[in-house]
Amino acid sequence: MIGDYSIMDWVTLGGILTTIASLVGIAIKLARDNSGLKAEMKALSKEREMEHDSLSKEHDSLSNEHDGLSKEHASIKEDTRYISDEMKYEKMARENLYKNSSRAKEILETMDLMKEVVLQNSRLHKEVTRLTVANQELSKPKQNNELDKVLRILGRIEGQLASLEGYRGTEEVQVVLKRVESELLELNN
């Protein structure tokens, strides 16, 4: 016994104080955990909102693309229908022409021949354009090669004149050669 209290009372009191201290420690730990969880929940909420916005924008973009493809599909479908109708119309016109004309076969063959001539004319026009461009490209280097040859010949003439005695004294010849060379270079450009 210690004072008015027995050891059992002191042990009970120590257990109660230990339990209270443990409960206070647990309460503090729970409060810290709750504040950490709240911060994490806010971060996750912001991230979810950003992902939602991103997905929403992507959805809108895909929706616009889908609308564009739908319009293109409708346009292609309309074009196909138009071509089909034109082919049906031409077939009916051919049949009517064949029925109403004794020279139908000859007229139809002439029409087919005219179509082929138009297509061939278009191909020939493209080929003529290509050949014209190729000819222009080929003619340019030829002119440059010829000018280069002339310049080389002038250089040789100047070299031979330099080897002659008294060439250095005749500046007239030098001036004429320089003028010819500069005019040829202007033509080259």
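Each chain has its residues counted from 1, running along the sequence as written. Whole-chain, interface and lining totals are the exception, using all residues; otherwise, since this is a predicted model, local features are given only for residues with pLDDT of at least 70 and side-chain atom pairs are given and counted only at 80 or more. Excluding hydrogens and water, the side-chain figures rest on all heavy atoms present in the structure.

Novice: Can you help me understand the overall build of the protein in this one?
Specialist: The helix and strand tally for the protein stands at three helices and zero strands. Starting at the N terminus, helices and strands are each numbered in turn, a helix being any DSSP run of H or I of at least four residues and a strand any DSSP run of E of at least two. The linear arrangement of helices and strands in the protein, starting from the amino end, is α-α-α. Every one of the 189 residues in the protein was classed for burial, and the buried ones make up 4%. Here the contacts in the protein between residues at least 6 apart in sequence split such that 34% fall between residues at least 24 apart. Accessible surface is estimated by sampling points in the Shrake-Rupley manner with a 1.4 Å probe; for residues, cover comes only from the protein chains shown. Here the protein displays about 17000 Å² of accessible surface, and carbon together with sulfur accounts for 60% of that area. Exposure categories follow from relative accessible area, calculated using a 1.4 Å probe and restricted to protein chains: below 20% of the type maximum is buried, above 50% is exposed, and the middle band is partly exposed. Contacts are residue-level and defined by heavy atoms, with any inter-residue pair within 4.5 Å sufficient.

Novice: How should the pattern of salt bridges be read in this particular structure?
Specialist: Two side chains with opposite charge may pair up if their charged atoms get near one another. Only one rule defines a salt bridge in this text: a Lys or Arg side-chain nitrogen within 4 Å of an Asp or Glu carboxyl oxygen. In this structure the tally under the stated criterion is two salt bridges. Glu90 serves as the salt-bridge partner of Lys115, at 2.7 Å between the closest nitrogen and oxygen. Of the two residues, Lys115 is situated in helix H2 (residues 104-163) and Glu90 in helix H1 (residues 7-100); the sequence distance between them amounts to 25 residues. Under the relative-accessibility criterion, Lys115 is labelled partly exposed at 40%. One salt bridge in this structure joins Glu116 and Arg123, with 3.9 Å as the shortest N-O distance. Look at Arg123 and you get partly exposed, because its relative accessible area is 46%.

Novice: What should I look at first to understand a nonpolar patch on the surface in this one?
Specialist: Nonpolar side chains (Val, Leu, Ile, Met, Phe, Trp, Tyr) are joined into patches within 5 Å and like charges within 9 Å, using only residues with over 30% relative accessible area and no salt bridge. A surface patch of nonpolar side chains, amounting to about 760 Å² of accessible area, comprises Tyr5, Trp10, Leu13, Ile16, Leu17, Ile20, Val24 and Ile28. With respect to the helices, strands and loops of the structure, Tyr5 is situated in the segment before H1.

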